[in-house]
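Commentary on secondary and tertiary structure
Below, each chain spelled out in residue letters.
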Amino acid sequence: MSKALKLQKGFFGEFGGQYVPASLKAALDQVAYFYEQVKEDPDFQEELNNLLRDYVGRPSPLYYAQRLSKELGGARIYLKREDLNHTGAHKINNVLGQALMAKRMGIRRIIAETGAGQHGVATATACALLGLDCLVYMGTEDMRRQELNVFRMELLGAQVKPVRDGAKTLKEAVDAALIDFAENYTTTYYLLGSAVGPYPYPEIVRDFQAVIGCEAREQILEKEGRLPDYLLACVGGGSNAIGLFAPFYADKNVKFIGCEPGGTGSQLGQHAASVSYGSPGILHGFKCYAILDELGEPGATNSIAAGLDYPGIGPEHSYYHASGRAEYVAISDAEAFQAFQVLSKIEGIIPAFESAHAVAQALKLAPTLDQEQILIINISGRGDKDAAQAFKLLKKE
Ligand SMILES: *Cc1c(COP(=O)(O)O)cnc(C)c1O
């Protein structure tokens, strides 16, 4: 197959691709080759499925939120409980898949980068489970703000490598990880945390997260005998959302709503809502809706939810938006924080601040629907990690 054709393969409409220096191409080709090897290998799939069942605790329940549905007086609301996974969020689905793939391909050294620390902790967990070496790049500013996650990674046997360049946050950590990967790819695998990055990562991450939507589809058919009307999920890079949406892609009556971090306003630096307030551009090696400054560099972002604080959105979501398949809405910090409290009080489920963005959209949408309609919210993670911040916010009020 020609290079050009191979590149086309990595596009969703005009989005995606591999806008990377030549030094990274060989490393990415190897990742694509690895994935080709395992994708349809029944042994790999069985090993992964066993781990998802016995280690992660899948399938996660699809729970009918009776009190919330009643309170809002509209649609029947179901919660897909990714918060009940081992480590408390959906990230483990993807990191286990990629780490297992790397191990089967003979790689013993895993590198990752992390901002808030959640992807670093998930990667360290998978590496401990599979007996792999794990090195996580992290800006020293992020290390200072997230010292407990640094400790968790170390407890799990990972090495956290401080990055002291520039603003000492996620962007610099990504750059450091990419340099390591380009230099060491024959012995090292770069484990990416969301449905972003150059080809083939967005497809790999989507496929490993699609377990969410595949389960939800079966579960709703069993409980309701029909497909849902709406799927709601929060979007940072977009992995939990694409994992829920993609298995329903061909079901045109199932509407998708991605809930973006609207932060405190629509000005640059106040939000991280790439579709709502951004525009198409090239970010971290792929084309997507992105928040860029005048120089085309990743712009400043802000969100109450650290896991949504990313200046872009995956290429498949970008295509869903451009083609009208999905709708993307901005949810403010205040709306998310309100929804965080509502779900806690009404259902006894404390959602992650990230997931609370999807809950907030449900609070707006459900009352406008009738009782025959069905809505599924992806609860991407649990809110224990956010309890201290919520406590401070409420005390201030
Ligand atoms: C990391 C994270 C997210 C955002 O990542 P996506 O790739 O957009 O899914 C959402 N929710 C939780 C709980 C997270 O930890």
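Just so it is clear, the structure is predicted and the values come from calculations on it, not from any experiment. (Residues numbered from 1 in each chain as written. Predicted model: local features only at pLDDT ≥ 70, side-chain atom pairs only at ≥ 80, totals over all residues. Heavy atoms only, no water.)

1. Notes on the site of the ligand
Our working definition: In these notes, residues near a molecule or strand are those with any non-hydrogen atom within 4 Å of it. Calculation of accessible area relied on Shrake-Rupley with a 1.4 Å probe; when residues are assessed, cover is drawn exclusively from the protein chains displayed. When residue character is reported, Ala, Val, Leu, Ile, Met, Phe, Trp, Tyr, Cys and Pro are called nonpolar, Asp, Glu, Lys and Arg charged, and the others, Gly included, polar. As used throughout, domain bounds are those supplied by an automatic or database domain assignment.
Near the ligand, the surroundings consist of 17 residues, among which Lys91, Gln118, Ser194, Ser239 and Ser380 are the closest. In isolation the ligand has 380 Å² of accessible area, and contact with the protein removes 97% of it. Each residue belonging to the shell around the ligand can be placed in one class, and the counts come to four nonpolar, eleven polar and two charged. The residue makeup of the shell around the ligand includes at least three contributed by each of domain 1 (13–52 + 91–205) and domain 2 (57–88 + 210–396).

2. Concerning a nonpolar patch on the surface
This is how it is decided: In this scheme, patches are assembled from residues that exceed 30% relative accessible area and form no salt bridge. Like charges are connected within 9 Å, while nonpolar side chains (Val, Leu, Ile, Met, Phe, Trp, Tyr) are connected within 5 Å. Throughout this description, the term salt bridge denotes a Lys or Arg side-chain nitrogen within 4 Å of a carboxyl oxygen of Asp or Glu. Here a strand is any run of E in DSSP of at least two residues, a helix any run of H or I of at least four, and the numbering for each starts at the N terminus. Each residue is assigned to one of three classes by its accessible area relative to the maximum for its type, calculated with a 1.4 Å probe on protein chains only: buried under 20%, partly exposed between the two thresholds, exposed over 50%.
Together, Leu148, Phe151 and Leu155 make up a nonpolar patch on the protein surface, roughly 350 Å² of accessible area in all. If you trace the backbone, Leu148 turns up in helix α8 (residues 147–155). On the basis of relative accessibility, which here comes to 53%, the residue Leu148 falls in the exposed class.

3. What about the sheet that holds strand β3 (residues 62–64)?
Where we set the bar: Any two strands are treated as partners once DSSP identifies two or more bridges connecting them. Here, axes are lines fitted to C-alpha atoms. For helices the fit covers the stretch in contact, and angles between N-to-C directions go from 0 to 180 degrees. Any pair of residues with heavy atoms lying within 4.5 Å of one another is described as a contacting pair.
Taken in spatial order, the six strands line up as β3-β4-β14-β9-β10-β13 in an open sheet, and their pairing is mixed. One side of each edge strand has no neighbouring strand; the edge strands of this open sheet are β3 and β13 (326–332). Pairwise comparison of adjacent strand axes, ignoring direction, gives a mean angle of 25° for this sheet. Where strand β9 (residues 230–234) lies against strand β14 (residues 374–379), three bridges are found, and the strand directions are parallel. Within the sheet, the bridge partner assigned to Leu231 lies in β14 and is Ile376. Along the sheet face, helix α11 (residues 211–224) touches β3, β4 (76–81) and β14 and points at about 140° away from the line of β4. Docked against the sheet, helix α14 (residues 315–322) engages β10 (255–263) and β13, running at close to 105° with respect to β13.

4. So, the pairing of β14
For β14, the buried fraction is high: six of the six residues fall into the buried class. Here β14 shows no split at all, with Ile374, Ile376 and Asn378 on one side and Leu375, Ile377 and Ile379 on the other all buried. In the sheet, β4 pairs with β14 via six bridges, with the strands oriented parallel. Pairing of Leu79 across the sheet is with Ile377, part of β14.

5. Structural notes on the pattern of salt bridges
A complete count under the given rule lists 20 salt bridges for this structure. Between Asp41 and Arg104 there is a salt bridge, with the nearest N and O atoms lying 3.5 Å from each other. Of this pair, Asp41 sits in the loop between α2 (22–39) and α3 (42–56) while Arg104 sits in helix α5 (residues 91–104); the two residues are 63 residues apart in sequence, bridging distant segments of the chain. Overall, Arg104 belongs to the partly exposed group, its relative accessible area being 32%. Its salt-bridge partner being Arg109, residue Asp180 comes within 2.8 Å of it at the nearest N-O pair. In this pair, Asp180 is assigned in helix α9 (residues 170–184) and Arg109 in strand β5 (residues 109–113), connecting sequence segments 71 residues apart. On the basis of relative accessibility, which here comes to 5%, the residue Asp180 falls in the buried class.

6. Quick notes on the domain arrangement of the protein chain
As a reminder of what qualifies: Two parts placed together each lose some accessible area; with a 1.4 Å probe, that loss summed over both constitutes the buried area.
Taken as a whole, the protein chain is organised into domain 1 (13–52 + 91–205) and domain 2 (57–88 + 210–396). Between the C-alpha centres of domain 1 and domain 2 the distance comes to 23 Å. At the junction of the two partners, domain 1 supplies 24 residues and domain 2 supplies 33 residues. When domain 1 packs against domain 2, the two sides together hide about 2,200 Å² of surface, and 65% of this comes from carbon and sulfur. Broken down residue by residue, the surface that domain 1 buries against domain 2 is led by Phe15, Tyr19 and Leu52, which jointly contribute 27%. Counting across the domain 1 and domain 2 interface gives one salt bridge. For the side of domain 1 that touches domain 2, the secondary-structure elements that each account for two or more residues are β2 (15–16), α5, α6 (118–130), α9 and α10 (201–209). Broken down by class, the residue content of the side of domain 1 that touches domain 2 amounts to twelve nonpolar, ten polar and two charged.

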